[in-house]
Amino acid sequence: MTKPKAQTCEAKIEGMWRPVSLDEAVDRYPLAVKRCPACHGRVSINGSYSGRGFGKSMTHRKAHSGCPLKSETYSGMPSPHPQALA
Ligand SMILES: [Zn+2]
């Protein structure tokens with residue numbers, strides 16, 4: 001089994017959730033609200049803002065055990081985030 005990649009997130013752009021890469025999220029939509037594509041919990045993007053493609057990661061604002069993209073806390077059963085963004 002390979003781990004799911006967490007290289008994309010969703011950003012709210014003009015009222016619509018759009019999948020964007022982490023680079024795009026930082027470079028093009030720094031002010032947009034971002035959410036996790038798996039559990040829809042709010043996330044922030046951390047990491048190097050100077051490099052491209054490396055070092056960025058998505059961090060959930062509030063930990064959630066039902067998110068398969070967060071392997072450290074994943075319980076094994078996917079479930080929506082308790083504070084999912086709509
Ligand atoms: Zn998540």
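Whatever comes next refers back to the structure up there.
Residues numbered from 1 in each chain as written. Predicted model: local features only at pLDDT ≥ 70, side-chain atom pairs only at ≥ 80, totals over all residues. Heavy atoms only, no water.

(A) Up close: the side chain of R35. The topology assignment puts R35 in strand β3 (residues 34-35). Here E10 takes part through its side chain, which lies 2.7 Å from a polar atom of the side chain of R35. A polar contact of 2.7 Å, which involves the side chain of R35, links it to the backbone oxygen of L85. What R35 contacts, discounting residues up to four positions off in sequence, is C9, E10, W17, H40, G41, R42, V43, L85 and A86. (Helix = DSSP H or I, 4+ residues; strand = E, 2+ residues; numbered from the N terminus. Polar contact = N/O pair within 3.5 Å; in protein donor to acceptor, adjacent residues only side chain to side chain. Contact = heavy atoms within 4.5 Å.)

(B) Representation of the coordination of the zinc ion. Only C36 (SG), C39 (SG), H60 (NE2) and C67 (SG) from the protein coordinate the zinc ion, and they sit 2.1 to 2.3 Å from it. What the four donor atoms of the zinc ion show is an angle range of 104 to 117° at the metal, which sorts the shape as tetrahedral. Within one chain, the residues donating to the zinc ion are spaced in sequence as C-x2-C-x20-H-x6-C. Each member of the pair, H60 as well as C67, is classed as buried. (Donors = N, O, S within 2.8 Å, 3.2 Å for Na, K, Ca; no water. Tetrahedral: all angles 85-135°; square planar, octahedral: opposite > 155°, others 65-115°. Buried < 20%, exposed > 50% of the residue type's maximum accessible area, 1.4 Å probe, protein only.)

(C) A look at the pairing of strand β4 (residues 42-46). Side chains V43 and I45 project from β4 onto a buried face, and the interleaved R42, S44 and N46 project onto a face without burial. Note that β3 and β4 share two bridges and pair antiparallel. Looking at the pairing, K34 lines up with V43 of β4. Connecting β3 to the antiparallel partner β4 that follows it, the hairpin turn spans six residues, and H40 within it adopts a positive phi of roughly 70°. (Pairing = 2+ DSSP bridges.)

Just distances and angles here, no functional claims.
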